[in-house]
Amino acid sequence: MIFRQLYEELSSTYTYLLACEDSREAVLIDPVYPTVERDLHIINSLGLKLVYSLDTHIHADHITSARRLKELTGSQIVYPVTSQCDCPDVRAEEGKAIVVGSITIDPIYTPGHTDDHYAYKIGNKVLTGDALLIDGCGRTDFQNGSAEDLYKTVREKLFSLPDETLVYPAHDYNHRHVSSIAQEKERNPRLGGNTNIEEFKKTMANLNLDYPKFIDHAVPGNRLCGVCPKDLPDKYDQYCQEMSASPQG
Ligand SMILES: [Fe+2]
């Protein structure tokens, strides 16, 4: 399997490229609007054909490039079945694997950061989106987030994966790249060790994070699979290209 971890610096988002070495079919997970040309350049230079874009959830901090990728390459848009919108071509659902050449992607429903959130497991890797971050987790204060749900998602679902499973998050704000289930179980300061649900709920209630700068535009744009807001013509580029100060965890 070809595997690349790509970085979008304005929103500190990791986009993942997966491809089958035999069929040359490729998938992008959590692609971001401003890096669409970069991502397509990498896909073309590796001699790959993009067949799907997958999003882990309706993002609040950036616009997905799912729709743009479909326009440019004919790729199909995959969203969680729980994301209530009409634009996806395929709905990711727990128990229904997405197969791309020799690659099997297993969707895992992981609510808490948002109520539509899915993680994607591929062999010994799990792409945890904003549910589980390295030494952290996604915030739970918007989009029907729930600290209680996130605790169960991480402790009961993700932490039950084999210890050696590699954890690839959708964001890192400190230049870290990969972790493992064993590492997060041992040292995640919010969810690891013996942390109980009441302690976690208290931690999440006291984060005092700023209101996400782009949430009021990003969420409707992502419900349309990646449309920049038409009501802000002067800021069209700026909105779609500048997404700093919108921390997700
Ligand atoms: Fe998010």
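See the structure printed just above.
These lines cover the structure that appears in this document, whether it is placed above or below. Predicted model, so just to flag it, every value in this text is computed and none were measured.

Considerations on the environment of E148
- You can see E148 is positioned in helix α3 (residues 147–157).
- Sequence separation of E148 and E198 is 50 residues, and the distance between their C-alpha atoms is 8.6 Å.

Considerations on the sheet that holds strand β5 (residues 76–80)
- Read from one edge to the other, the open sheet built from 6 strands follows the order β1-β2-β3-β4-β5-β6, with strand pairing classed as mixed. With one partner strand each, in any of the chains shown, β1 (2–8) and β6 (90–92) form the two edges of the open sheet. Adjacent strand axes in the sheet meet at a mean angle of 25° when their direction is disregarded.
- Judged from the 3 bridges that link them, strand β4 (residues 49–54) and β5 form a sheet pairing that is parallel. The residue bridging L54 from the neighbouring strand is V78, located in β5.
- Relative to the sheet, helix α1 (residues 36–45) contacts β1, β2 (13–19), β3 (25–29) and β4, its axis offset from that of β1 by approximately 160°.
- Packing against the sheet, helix α2 (residues 66–73) makes contact with β3, β4 and β5, and its axis sits at approximately 160° to β4.

With respect to the sheet that holds strand β9 (residues 118–122)
- Across the sheet, 6 strands lie side by side as β7-β8-β9-β10-β13-β14; this open sheet has mixed pairing. Two strands bound the open sheet, and with one partner strand each, they are β7 (98–100) and β14 (179–180).
- Strand direction decides the pairing type here: strand β13 (residues 166–169) and β14, joined by 2 bridges, are antiparallel. Counted as the bridge partner of L166 is S180 from β14.

Points about α3
- Those residues of α3 not exposed but buried are A147, L150, Y151, T153 and V154. Down the axis of α3, the smallest arc covering the buried residues is 165°, so these residues share one side.
- Buried-residue contacts for α3 involve β11 (132–133), β12 (136–137) and α5 (197–205).

A few points about the pattern of salt bridges
- On inspection of all chains with the given rule, the structure shows 13 salt bridges.
- For E71, the salt bridge identified is with R68, shortest N-O distance 2.9 Å. With a gap of 3 residues between them, E71 and R68 both fall in helix α2, about one helical turn apart.
- Relative accessible area serves as the criterion here: at 53%, E71 is assigned to the exposed category.
- Between E93 and K96 there is a salt bridge, with the nearest N and O atoms lying 3.4 Å from each other.
- Judged by relative accessible area, E93 falls into the partly exposed class, the value being 29%.
- The network of salt bridges with shared partners includes D135, D172, R176 and R187.

Considerations on the packing of α3 against α5
- Where α3 contacts α5, the two axes come as close as 9 Å, and the packing angle between them is 125°. In this view, α3 runs oblique relative to α5, as classed from their interaxial angle. Where α3 crosses over α5, the two elements pack in a sense that is right-handed. Only I197, F200, K201 and M204 of α5 make contact with α3, whose side of the interface consists of A147, E148, L150 and Y151.

Focus on the packing of aromatic side chains
- All chains considered together, the criterion is met by 8 aromatic pairs.
- Aromatic pair Y109 and Y118: ring centres 5.3 Å apart, planes at 40°, arrangement tilted.
- An angle of 45° between the planes, with centres 6.0 Å apart, marks the rings of Y151 and F200 as tilted. With Y151 in helix α3 and F200 in helix α5, the pair connects residues that are 49 residues apart, well separated along the chain.
- Taking relative accessible area as the criterion, Y151 reaches 11% and is therefore assigned buried.
- By way of ring pairs, the aromatic residues F3, Y7, Y14, Y16 and Y168 are connected into one cluster.
- Its guanidinium or amino end placed over the ring of F3, K125 lies 4.9 Å from that ring's centre, counting from NZ or CZ.

Definitions and cut-offs
Residues numbered from 1 in each chain as written. Predicted model: local features only at pLDDT ≥ 70, side-chain atom pairs only at ≥ 80, totals over all residues. Heavy atoms only, no water. Helix = DSSP H or I, 4+ residues; strand = E, 2+ residues; numbered from the N terminus. Pairing = 2+ DSSP bridges. Axes fitted to C-alpha atoms, helices over the stretch in contact; angles between N-to-C directions. Contact = heavy atoms within 4.5 Å. Buried < 20%, exposed > 50% of the residue type's maximum accessible area, 1.4 Å probe, protein only. Arc of directions from axis to C-beta. Salt bridge = Lys/Arg side-chain N within 4 Å of Asp/Glu carboxyl O. Parallel < 35°, antiparallel > 145°, perpendicular 65-115°, else oblique. Left-handed = near helix turned anticlockwise from the far one by under 90°. Phe/Tyr/Trp six-rings, centres within 6.5 Å; stacked < 30°, edge-to-face > 60°. Lys NZ or Arg CZ within 6 Å of the ring centre and 35° of its normal.

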